[in-house]
Amino acid sequence: MTGPGEMSGVLGVDSGGSGLRAVLALKVGQEGRGTAPLESGEPVRTGARGIDAGHLVEQLVPMARQLMADAGIATLRAVTVGAAGYTSLGDSLRADLPSALARELGVRNLALAADGVTAYVGALGQRPGAVVAAGTGLIAIGTDLTSWRKADGWGHLLGDNGSGAWIGRAGLDAALRAHDGRSGGSAPLLARGEAMFGPAGTWPGQLYPRTDRPAMLASFAPEVAACADGDPVAADILAEAARHIADAARAVCPAGGEVSGEVQVALTGGLFKMGAPLLVPLRAALTDRLPYARQVAAGGDPLAGAVRIAVDLAEDRLTLPREEDMLYVIGEPPAPEAHAPKSPAP
């Protein structure tokens, strides 16, 4: 508990394919500020029980202690951990992380979330709508504030349609078609592929043994965008990616948006830094498939979303749907003096 004028903090954590990021948001009275994020650079392992809670704790606890020491605070009011793969691989986190963080950091208010949920909150906050988060992979998340809806996020072998890995694979396919003399080939993409990876015949040997295949595929997506202006094959790949992204957004958009006209759609993630070659056909596809939705700029990234969930949890104003495999919350009631008394239930 903190007294008047004392500094308190919440911790936001983003665990993804490139490692762990953590940031501390501070509050002194009514003035808020945040620290610079710390990054581990090492992805959290997965095992037979899913995401390895022990490995996450090994990385997170020293980072959290450093952030707290640098900020001069001794306690955390709330922590949110957003994790890639949480929806299907979160059993170990739910079983082990609450007690581990309580023991190591004294955490009593904890939210565990799918990275799609933190991406959603970072982009739209606690409002109904749909968010597509896309980088190497792709997932769409929507809510009407009573339940969550999810589309895609199935990984590069089974889905992630329209993602960086999908675009890169389609571009390399078109390059190999040109190499073979098959229809649908692209000589410009073949030239760029060989400039990046060497002779086309060596690509399978480079790609198939690697554990980071999605990232390697996605590394070619910017080359597809660079060719799109003068190469109809590359332009068609990006137009198809745009249709996949818009379809995912439509699949998760809250029902009734056609009537209310209040549904917002936002895009977040590194894929959309590709710029006009993707965004122009994507805006057209979203208008075609979701004419009643308002396209808005994302307010922040998944790490900002994790912080926002932690702040709302600490302040007892988290109204997002609680679903074990999407947003799992363990918390204590806030201190009575820190909140206005609530009216008794009728």
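For the structure, check the block above.
Owing to the predicted nature of the structure, the values given are computational and were not obtained by experimental measurement.

### Examining the overall build of the chain
Working step 1: Check the secondary structure of the chain and you find 13 helices and 14 strands.
Working step 2: Relative to its full complement of 346 residues, the chain shows a buried share of 46%.
Working step 3: In the structure as shown, the chain presents an accessible area of about 16000 Å², 53% of it carried by carbon and sulfur atoms.

### Focus: helix H4 (residues 115-124)
Working step 1: Counting buried residues along H4, nine of its ten residues qualify, which places the element largely inside the surrounding structure.
Working step 2: Of the residues flanking the end of H4, it is Gly125, one or two places downstream, whose phi is positive at about 75 degrees.

### Examining the nonpolar core
Working step 1: With 61 residues, the main nonpolar core has Leu11, Leu60, Leu76, Val81 and Leu93 as its most contacted residues.
Working step 2: A per-element tally of this core places helix H1 (residues 53-71) first, with ten residues.
Working step 3: When residues of this core are assigned to domains, at least three fall in each of domain 1 (8-125 + 301-330) and domain 2 (129-295).
Working step 4: Counting 50 residues, the second-largest nonpolar core is a separate cluster that includes Ala170, Ala174, Ala249 and Ala285.

### Quick word on unusual backbone geometry
Working step 1: The phi dihedral of Asp160 is positive, around 55 degrees, even though this residue is not glycine.
Working step 2: If you trace the backbone, Asp160 turns up in the loop between strand E11 (148-152) and helix H5 (164-180).
Working step 3: Here Asp316, not a glycine, exhibits a phi torsion of approximately 60 degrees, which is positive.
Working step 4: Note that Asp316 resides in the loop between helix H13 (302-314) and strand E14 (327-330).
Working step 5: A relative accessible area of 37% places Asp316 in the partly exposed class.

### Thoughts on the pairing of strand E10 (residues 138-143)
Working step 1: Of all six residues in E10, six are buried, a share of seventy percent or more.
Working step 2: Side chains Leu138, Ala140 and Gly142 of E10 all project onto a buried face; the interleaved residues Ile139, Ile141 and Thr143 project onto the opposite face, where all are buried too.
Working step 3: As paired strands, strand E9 (residues 129-134) and E10 are joined by six bridges and run antiparallel to one another. Each bridged residue has a counterpart across the sheet, and for Gly129 the counterpart in E10 is Thr143.
Working step 4: What sits between the antiparallel neighbours E9 and E10 is a turn of three residues.
Working step 5: Alignment of E10 against E11, held across five bridges, turns out to be antiparallel. Across the sheet, Thr143 pairs through a bridge with Trp148, a residue of E11.

### Brief notes about a nonpolar patch on the surface
Working step 1: Side chains of Trp154, Leu157 and Leu158 sit close together on the surface and give an oily, nonpolar patch of about 450 Å² of accessible area.
Working step 2: Mapped onto the fold, Leu158 is located in the loop between E11 and H5.
Working step 3: Judged by its relative accessible area of 73%, Leu158 is exposed.

### Description of the layout of surface pockets
Vacant regions in the atomic arrangement are exposed by a probe of water-molecule size rolled over the atoms.
Working step 1: Here the largest pocket is characterised by a volume of approximately 1700 Å³.
Working step 2: Lining the largest pocket are 49 residues, and of these Gly16, Gly17, Ala84, Gly85 and Asp115 sit closest to its centre.
Working step 3: Sorting the residues of the lining of the largest pocket by element identifies strand E1 (7-16), strand E2 (19-28), helix H2 (86-89), H4, E9, E10 and helix H8 (213-218) as the ones contributing at least two each.
Working step 4: Both of domain 1 (8-125 + 301-330) and domain 2 (129-295) provide at least three residues apiece to the lining of the largest pocket.

### Remarks on the pattern of salt bridges
Working step 1: As enumerated under the stated definition, the model contains 17 salt bridges in all.
Working step 2: The residue Arg21 makes a salt bridge to Asp14 at a minimum N-O spacing of 3.1 Å.
Working step 3: The class for Arg21 is partly exposed, based on a relative accessible area of 22%.
Working step 4: Residue Arg182 pairs with Asp180 through a salt bridge whose shortest N-O separation is 3.1 Å.

### Side note on the sheet that holds E9
Working step 1: Spatially, E11-E10-E9-E12-E13 is the arrangement adopted by the five strands of the open sheet, whose pairing is mixed. At either margin of the open sheet sits one strand with a lone partner, and together these are E11 and strand E13 (294-297). Mean inter-strand twist for the sheet, computed between neighbouring axes without regard to direction, equals 20 degrees.
Working step 2: Across the sheet, helix H10 (residues 232-252) lies against E9, E10, E11 and strand E12 (264-268), angled at about 25 degrees from E10, the strand it touches most.

### Regarding the packing of H10 against helix H12 (residues 276-289)
Working step 1: Close contact between H10 and H12 brings their axes to 8 Å; oriented N to C, the two are set at 40 degrees. Viewed along their axes, H10 and H12 adopt a mutual orientation that is oblique. Crossing handedness for the pair H10 and H12: right-handed. When H10 is examined against H12, the residues Leu238, Ala239, Ala241, Ala242, Arg243, Ile245, Ala246, Asp247, Ala249 and Arg250 are found in contact with a partner set consisting of Pro277, Leu278, Pro281, Leu282, Ala285, Leu286 and Arg289.
Working step 2: For the contact of H10 with H12, the per-class residue count stands at 13 nonpolar, no polar and four charged.

### Quick notes on the side chain of Ser92
Working step 1: Tracing the sequence through the fold places Ser92 in helix H3 (residues 91-105).
Working step 2: If sequence neighbours within four positions are ignored, Ser92 has contacts with Arg49, Ile51, Asp52, Ala53 and Leu97.

### Considering the packing of aromatic side chains
Working step 1: Applying the stated criterion across every chain, the model contains three aromatic pairs.
Working step 2: Their ring planes at 85 degrees and their centres at 5.6 Å tell us that Tyr120 and Trp148 sit as a pair that is edge-to-face. In this pair, Tyr120 is assigned in helix H4 and Trp148 in strand E11, connecting sequence segments 28 residues apart. By the burial criterion, Tyr120 is buried, and Trp148 matches it.
Working step 3: Arranged with centres 6.4 Å apart and planes meeting at 75 degrees, the rings of Phe197 and Trp203 form a pair that is edge-to-face.
Working step 4: On the basis of relative accessibility, which here comes to 14%, the residue Phe197 falls in the buried class.
Working step 5: For Trp203, a relative accessible area of 6% puts it in the buried group.
Working step 6: By the ring-pair criterion, three or more aromatic residues cluster together here, those being Phe197, Trp203 and Phe220.
Working step 7: Here the guanidinium or amino end of Lys150 rests over the ring plane of Trp154, the centre of that ring lying 4.1 Å away.

What counts, and at which threshold
- For every chain, the first residue of its written sequence is number 1, and the numbers climb from 1 along that sequence.
- Side-chain atom pairs in this predicted model are given and counted only at pLDDT of 80 or more, local residue features only at pLDDT of at least 70, and totals for whole chains, interfaces and linings cover all residues.
- Note: side-chain values were computed over all heavy atoms of the structure, leaving out hydrogens and water.
- The helix count covers DSSP runs of H or I at least four residues long, the strand count covers runs of E at least two residues long, and both are numbered beginning at the N terminus.
- Think of it in three bands: with a 1.4 Å probe and only protein chains considered, a residue is buried below 20% of the maximum accessible area for its type, exposed above 50%, and partly exposed in between.
- Where accessible areas are quoted, they stem from the Shrake-Rupley method and a 1.4 Å probe; at the residue level, only the protein chains shown are allowed to cover.
- We call a set of buried Ala, Val, Leu, Ile, Met, Phe, Trp, Tyr and Cys residues a nonpolar core when their side-chain atoms join them within 4.5 Å.
- Bear in mind that the domain bounds are from an automatic or database domain assignment.
- The rule for pairing is simple: two strands pair if DSSP sees at least two bridges between them.
- Patches draw on residues past 30% relative accessible area with no salt bridge. Two like charges within 9 Å are joined, as are two nonpolar side chains (Val, Leu, Ile, Met, Phe, Trp, Tyr) within 5 Å.
- We count a salt bridge whenever a side-chain nitrogen from Lys or Arg sits within 4 Å of a carboxyl oxygen from Asp or Glu.
- Using protein atoms alone on a 1 Å grid, points that fit a 1.4 Å probe yet trap it form a cavity, whereas open point sets bounded by protein on both sides within 12 Å along at least five of seven lines form a pocket; residues with an atom within 4 Å of a point count as lining.
- Grid points are joined across faces, edges and corners, and a volume is the space filled by probe spheres set on the points.
- Think of each axis as a best-fit line through the C-alpha atoms, taken over the contacting stretch in the case of a helix, with angles from 0 to 180 degrees between the N-to-C directions.
- In this analysis, two residues are considered to be in contact whenever any of their non-hydrogen atoms come within 4.5 Å of each other.
- Working definition: roughly parallel below 35 degrees, roughly antiparallel above 145 degrees, roughly perpendicular at 65 to 115 degrees, and oblique for all remaining angles.
- Crossing handedness follows the turn of the near helix against the far one: under a right angle anticlockwise gives a left-handed crossing, and clockwise gives a right-handed one.
- Each residue is assigned to one class: nonpolar for Ala, Val, Leu, Ile, Met, Phe, Trp, Tyr, Cys and Pro, charged for Asp, Glu, Lys and Arg, and polar for all the others, Gly among them.
- Any Phe, Tyr or Trp ring, taking Trp's six-membered ring, that has another such ring centre within 6.5 Å forms a pair; planes under 30 degrees apart are called stacked, those over 60 apart edge-to-face, and the others tilted.
- As a reminder, the over-ring test applies to NZ of lysine and CZ of arginine, requiring each to be within 6 Å of the ring centre and within 35 degrees of the ring normal.

Keep in mind these values describe shape, not function.
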